[in-house]
Amino acid sequence: MIKLENISFDHCIKCTVCTIYCPVARATHHFPGPKQSGPDMERLRIKSPGLLDDSLKYCTNCKRCEIACPSNVKIADLIQSSKWRYFRKAFRVRDFFLARTDLMGGVATRASFLVNFFIKLFPVKFFLDRFMKIPSERRFPRYAQGTFRAWYKKHRKEQEAFAEKAVYFHGCYVNYNNHDLGKDVVTVLNAMNVGVIVTDEKCCGVPLIANGYIDKARKNALFNIESLARSASESGARIVSASSSCSFALKHEYPNLLELDNSAIFDGLDYITRFIHERFEKGNVPAMGPVPVRAAYHSPCHLERMGGVMNTIEVLKKIPGLELTILHSECCGIAGTYGFKKEYYKVAQKVGDELFKRIERANPEIVITDCETCKWQIEMSTPYRVEHPVTVLARAIDGKKL
Amino acid sequence: MRYDCVIIGGGLSGLTCGIRLAEKGARCAVISTGMSALHFSSGSIDLFGNEGEGKIVFRPFEYLEKFIGSNPLHPYARCGSSRVREALFYFRDQLDLEDIDLYNNDDANHFHVTTLGTLKPTFFSQRSVFNEKIRLAFEKKSKIAALNFEGYRDFYPELAVINLKRNVLFRNIEISSGKILYPDYGDPQRNPFEYRSIDIARIFDTERYLEDLAAQIRTAAGDAAFAAMPAFLGITNFKRHHQLLQQLTGLLIYEIPTLPPSILGMRIDNALKSRFAALGGVYIAGDTVRGGTIAGGRLESVFTENGGSSALYAGSFVLASGSFFSGGLVSEFSRVREPVFGLRVYSHAERSKWHAQEFFPRNGHPFLEFGVETDERFNPLTDDGQRLGNLYCTGALLPHYNPIREGSGGGVAVSTGYRAAELILAGNR
Ligand SMILES: Cc1cc2nc3c(=O)[nH]c(=O)nc-3n(C[C@H](O)[C@H](O)[C@H](O)COP(=O)(O)OP(=O)(O)OC[C@H]3O[C@@H](n4cnc5c(N)ncnc54)[C@H](O)[C@@H]3O)c2cc1C
Ligand code: SF4
Ligand code: SF4
């Protein structure tokens, strides 16, 4: 059955504008591009799944094609949903583990020093490369010891004492890999007289969607919608996330791709720099000391898609002493778990090449970006350290060294 | 979020307006659903090319002087002809800052060759399409070679040559055709018939094949003085590539706009966006304005698809959302409407009068003249007759002109966008 509400492919006027702006089509001839893999082939796929062309697996779901399309075709959504609608599921150990960021994190954070140590060893890398098809060149993010939630528990009381509060969706990365970013969020919001509430949450679903685990993604999504909505309405608070991809999933992938009703959180949910910028505009700017650093800002694809880039830029511009170069918008190539797969590794690096060159030309001391996977990719592929905008803001507030 | 001005639609008109405002220090945001009509255009800016009934306008500004008097509702009439001139040359100077030289034949139109080999009068063209040397070589009736890349399907030189030879201007000019093989042509991964202009431009951008290509062009062109080829010189480095290739071949290299996507149009799009950003403008791509809050004859804020409940506030707004093609106008079975604010639209009540009988009628289709009705300050009326004093409508969204019949699309977009900026700046002073 063709779902009548799902025929945005029919609005396609075959102009090829999407393919011009697709970073993967630019990097490899193996990918025929969004027009062909999206609206063109969808026509055939809905008739017979046998007509599926598996080259669409090259799509990273960066959404740049959708930004370009003059006819508002949901091209990337068409491609993503085809991955699970029409492919016969073959179980892959690697994809299973890459998709389960919360499961992996839960285990790894119990003995993070061991995991961080082993993952760098040659035999381990060799094994991952040969048998798991995870390229040996790929550098892994480090795991932290313990979880962010455990830290937060000790501070819950003082956070609840604030009159104004925000519900913070921290995501897997902050919980398992980078507690400091979570603490920076607390520093910044507290400095603006906003307390931070952490409620029950599951992985937002981005890696699950990318690896075709749609049922699991839906389950997580329903859990998150319910939990965040409840917590927000109890405390009358807005919901914030400091990961551009988590925010994008919660706000846009849930309704558009997973076809779930997220109206209970849609309006209350902000990527964090929008929340901060709106308060800055109303005069709620915390006292800040200078951060005399030369930085290049890279805008992640999903933040571009949400139209949130200007918030981050405006917030960064308020930091005294920060010397900021805005890089021309390019995809870094990693696209979450994509760059962790051997079959796509080369493409991912080629996609990112343009960005890496531009970073080098900007000659910064650090790079700033909103997305954790962009951070991994840039830190692996260039000599520069990458920081989150909220971290830079937190250093301006607490005066510690960046 | 608050701006001095929010512009809805990032095409030729919206960006011209935004550049002018930002240059004068206004805090501006442009919001645009998708890429604009520039991606489909020739990349030449038409001012006024046809009187109708196939009669060509050679000196557009002179023509406008008398035309305006008898067509008071025409967007050019509402700008005034001296302001149209000011706007166009302002536009040229802005592009010059982004390294695109636009050539004009002083105050006269010149012709550019279309994909089909017909000639179109236009006012501004890029250097690879029109310049003094090209004019002189043409006047001397030098031989032309129309060349194509093997496997490229958006340009057919044989067809172009047939059409050109029908034209009186080319009657005594020798034109040959030929093919060039891209060094990548043998790539088994890729069906060469999937090549689009952008693929060729990208391969070209690497500069790896420049000498090889130059040698091929020289051979294929024989004793011609011109090599006319589908536009392929890339989007950012085209100036350097054009010069290099002319040096290496000793020929005049002439670019012919291809079927969309149009490299020549994308260069202008790229330059305008880059200029707007350099002036501090904020460009929000991939988002659609869905409506706004109106109070006391003013538009107070607009909200977008992605922004949900968080609105964008501004002192002035510009609606430059284009025509049917870009979604600025929407046709339903029995009416034409403006989808964002439900503004009052000029159209025919009777659907059968919307279009002519032929597909390419000489005088253009009537629906091309539909659009949002405004007063002389480009302020529109809401459906219930309320005038919105701080909303300005510009570009292809406007009625009472016919871009196809007149050959005036680019000029109207530029001059009305510029005019709206001037009105906004004057109002703020
Ligand atoms: C196929 C084609 C070829 C042409 N060729 C030429 C040529 O060779 N020379 C010439 O001089 N003229 C040409 N024209 C005419 C001229 O280019 C156009 O009239 C001119 O570019 C229109 O510019 P604009 O800015 O008014 O609108 P557009 O370029 O149509 O831009 C409107 C923008 O608004 C966006 N938009 C629409 N609704 C919303 C919304 N609700 N929220 C946010 N954004 C929105 C659209 O996505 C689009 O990007 C051509 C026109 C077409 C259609
Ligand atoms: S940009 Fe949109 S309309 Fe154009 S080919 Fe791609 S999907 Fe179709
Ligand atoms: S989502 Fe990104 S990678 Fe996928 S088709 Fe669109 S532009 Fe290309």
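The shown structure was predicted, so the numbers you read here are calculated from the model rather than taken from an experiment.

Enquirer: Hey, could you go over the interface of chain B and chain A for me, with residue numbers and the actual values?
Expert: Taken together, the 33 residues of chain B in the interface contact 35 residues of chain A. Looking only at chain B, the three residues that lose the most surface to chain A are B:Met1, B:Met35 and B:Asn306, adding up to 22% of its buried area. Our count for the chain B to chain A interface comes out at 3 salt bridges. Where B:Arg27 meets A:Glu314, a salt bridge forms, and the shortest distance between an N and an O atom there is 3.9 Å. Here chain B and chain A share 5 residue pairs in polar contact (both at pLDDT 80 or more) between them. Secondary structure elements with two or more residues in the side of chain B that touches chain A: β1 (2–8), α7 (197–205), α10 (263–278) and β13 (282–285) of chain B. Ranked by the residues each element gives to the side of chain B that touches chain A, the list is headed by β13(B), at 3 residues. Considered class by class, the residues forming the side of chain B that touches chain A number 12 nonpolar, 11 polar and 10 charged.

Enquirer: Explain the site of ligand 2 to me, and be specific about the residues and the numbers.
Expert: In the neighbourhood of ligand 2, 13 residues make up the surrounding shell, with A:Cys12, A:Cys15, A:Thr16, A:Cys18 and A:Cys69 lying closest. Here the shell around ligand 2 is composed, by residue class, of 9 nonpolar, 2 polar and 2 charged.

Enquirer: Which residues make up the packing of aromatic side chains, and what values go with them?
Expert: One pass over the full model with this rule turns up 22 aromatic pairs over all chains. Summarising the aromatic geometry, the rings of B:Phe149 and B:Phe232 are spaced 5.3 Å apart at their centres and angled 65 degrees between planes, so their arrangement reads as edge-to-face. With B:Phe149 in strand β9 (residues 144–149) and B:Phe232 in the loop between β11 (226–230) and α9 (238–249), this pair connects stretches of sequence that are 83 residues apart. One exposure class covers both B:Phe149 and B:Phe232, and it is buried. Just above the ring of A:Phe223 sits the side chain of A:Lys202; from NZ or CZ to the centre is 4.4 Å. The ring of A:Phe275 has A:Arg279 lying over it, and the distance from NZ or CZ to the ring centre is 3.7 Å.

Enquirer: Can you lay out the side chain of A:Asp184 for me, pointing to particular residues and giving the numbers?
Expert: Residue and element names in this part refer to chain A. Mapped onto the secondary structure, Asp184 falls in helix α12 (residues 179–191). At 3.0 Å, the side chain of Asp184 and the side chain of Thr391 are in polar contact. Among residues more than four places away in sequence, those in contact with Asp184 are Val390, Thr391, Ala394 and Arg395.

Enquirer: Describe helix α19 (residues 309–317) of chain A, and please don't skip the residues or the numbers.
Expert: Within α19(A), 8 of the 9 residues are buried, which leaves it mostly tucked inside the rest of the structure. Those residues of α19(A) that sit buried are A:Val309, A:Met310, A:Asn311, A:Thr312, A:Ile313, A:Glu314, A:Val315 and A:Leu316.

Enquirer: Would you mind going over empty space enclosed by the protein in detail, with residue names and values included?
Expert: Residue and element names in this part refer to chain A. Taken as a whole and judged by the stated rule, the model has 10 cavities of 30 Å³ or more. In this structure, the largest cavity occupies an estimated 160 Å³ of space. In terms of lining, the largest cavity is formed by 19 residues, of which the most central are Lys251, Asp270, Tyr271, Arg274 and Met306. Secondary-structure elements contributing two or more residues to the lining of the largest cavity are α15 (244–256), β4 (269–271), α17 (272–281) and α18 (301–306).

Enquirer: A description of the pairing of strand β15 (residues 298–304) of chain B should follow, citing residues and the corresponding values.
Expert: Residues and elements named next belong to chain B. Bridge analysis of strand β14 (residues 289–295) against β15 gives 6 bridges, and the strand direction is antiparallel. If you follow Thr293 over to β15, its bridge partner there is Ser301. The hairpin formed by β14 and β15 contains 2 residues between the paired strands, and Gly296 there has a positive phi angle of roughly 55 degrees. With 2 bridges joining them, β15 and strand β16 (residues 312–319) adopt antiparallel strand pairing. Residue Val302 lies in a different strand from β16, and its bridge partner there is Leu312.

Enquirer: Lay out the sheet that holds strand β5 (residues 294–298) of chain A with the relevant residues and their values.
Expert: Residues and elements named next belong to chain A. Strands sit in the order β6-β5-β7-β8 across an open sheet of 4 strands; the sheet is parallel. Bordering the open sheet on either side are β6 (323–326) and β8 (385–387), each of which pairs with just one other strand. Neighbour to neighbour, the strand axes of the sheet diverge by 35 degrees on average, direction disregarded. Two strands pair when backbone bridges link them, and β5 and strand β7 (residues 366–369) are joined in this way by 4 bridges, in the parallel orientation. Considered in β7, the bridge of His298 is made with Thr369. Packing of α19 onto the sheet brings it into contact with β5, β6 and β7, and relative to β5 it is tilted by some 170 degrees.

Enquirer: Got a sec to walk through the domain arrangement of chain A? Specific residues and values, please.
Expert: All names here are of chain A. Per the domain assignment, the segments making up chain A are domain 1 (8–86) and domain 2 (287–398). A straight line from the C-alpha centre of domain 1 to that of domain 2 covers 27 Å. On the side of domain 2, 15 residues touch domain 1, which itself brings 16 residues to the contact. Both faces combined, the contact of domain 1 with domain 2 buries some 1300 Å², and carbon together with sulfur accounts for 57% of it. On the surface where domain 1 and domain 2 come into contact, there are 2 salt bridges. Close ionic contact of Arg305 with Glu66 constitutes a salt bridge, the shortest N to O distance being 3.2 Å. On inspection of domain 1 and its partner domain 2, the count reaches 8 residue pairs in polar contact (both at pLDDT 80 or more). Those elements giving two or more residues to the side of domain 1 that touches domain 2 turn out to be α2 (23–27) and α4 (64–68). For the side of domain 1 that touches domain 2, the leading source of residues is α2, giving 4 residues. Taken together, the residues of the side of domain 1 that touches domain 2 break down into 7 nonpolar, 3 polar and 6 charged.

Enquirer: An account of the packing of helix α1 (residues 12–23) of chain B against helix α4 (residues 81–97) of chain B is needed here, citing residue identities and associated values.
Expert: Residues and elements named next belong to chain B. The interhelical angle for the contact between α1 and α4, taken along N-to-C directions, is 80 degrees, at an axis separation of 11 Å. One element, α1, and the other, α4, form an angle in the roughly perpendicular class. Residues Leu12, Thr16, Ile19, Arg20 and Glu23 of α1 pack against Tyr90, Phe91 and Gln94 of α4. Across the contact of α1 with α4, the residue classes break down as 4 nonpolar, 2 polar and 2 charged.

Enquirer: Please provide a residue-by-residue account of the site of ligand 3, values included.
Expert: Residues and elements named next belong to chain A. Around ligand 3 sit 14 residues in total, of which Cys22, Cys59, Cys62, Lys63 and Cys65 are the nearest. Listing elements by their share of the shell around ligand 3, those giving two or more residues are α2, α4 and α5 (75–85). Grouping the amino acids of the shell around ligand 3 by side-chain chemistry returns 10 nonpolar, 2 polar and 2 charged.

Enquirer: Residues and numbers for the environment of B:Leu264, please.
Expert: Residue and element names in this part refer to chain B. Position of Leu264 among the secondary structure elements: in helix α10. For the pair formed by Leu264 and Ile253, sequence separation is 11 residues and the distance between their alpha carbons is 14 Å. In this structure Leu264 touches Ser42, Gly43, Gln126, Ser128, Val129, Ala231, Glu255, Ile256 and Pro257, once residues within four positions along its chain are discounted.

Basis of the calculations
- Going along each chain's sequence as written, the residues are numbered from 1 onward.
- Key to labels: chains lettered from A, ligands numbered from 1, both in the order written.
- Reporting of local features is limited, given that this is a predicted model, to residues whose pLDDT is at least 70; pairs of side-chain atoms are given and counted only at 80 or more, and all residues count toward the totals for whole chains, interfaces and linings.
- Note: side-chain values were computed over all heavy atoms of the structure, leaving out hydrogens and water.
- Contacts were defined at the residue level, with two residues in contact if any of their heavy atoms lie within 4.5 Å.
- Buried area: the sum, over both parts, of the accessible surface (1.4 Å probe) that disappears when the two are put together.
- We count a salt bridge whenever a side-chain nitrogen from Lys or Arg sits within 4 Å of a carboxyl oxygen from Asp or Glu.
- Identification of polar contacts relies on pairs of N or O atoms within 3.5 Å, with a donor-acceptor requirement for protein atoms, meaning one able to donate a hydrogen and the other able to accept it, and with residues adjacent in sequence counted only if both atoms are side-chain atoms.
- Helix and strand assignments follow DSSP, with helices taken as H or I runs no shorter than four residues and strands as E runs no shorter than two, numbered in order from the N terminus.
- Each residue is assigned to one of three groups, with Ala, Val, Leu, Ile, Met, Phe, Trp, Tyr, Cys and Pro labelled nonpolar, Asp, Glu, Lys and Arg labelled charged, and all others, Gly among them, labelled polar.
- When we say a residue is near a molecule or strand, we mean one of its heavy atoms is within 4 Å of it.
- Only centres within 6.5 Å qualify two rings of Phe, Tyr or Trp (six-membered ring in Trp) as a pair; their planes then separate them into stacked at under 30 degrees, edge-to-face at over 60, and tilted for everything else.
- For the exposure calls, accessible area comes from a 1.4 Å probe over protein chains only, and a residue counts as buried if that area is under 20% of its type's maximum, exposed if over 50%, partly exposed in between.
- Two thresholds decide whether a charge sits over a ring: the Lys NZ or Arg CZ must be within 6 Å of the ring centre and within 35 degrees of the ring normal.
- The method works on a 1 Å grid over the protein atoms by themselves. A cavity is a set of points holding a 1.4 Å probe that cannot get out, a pocket is an open set with protein on both sides within 12 Å along at least five of seven lines, and residues with an atom within 4 Å of a point line them.
- Grid points are joined across faces, edges and corners, and a volume is the space filled by probe spheres set on the points.
- We treat two strands as partners when DSSP finds at least two bridges between them.
- Only the stretch in contact is used when a helix axis is fitted, and all axes are lines through C-alpha atoms; the angle between N-to-C directions ranges over 0 to 180 degrees.
- Domain extents, as shown, originate in an automatic or database domain assignment.
- When an angle is under 35 degrees it counts as roughly parallel; over 145 it counts as roughly antiparallel; between 65 and 115 it counts as roughly perpendicular; any other value is oblique.

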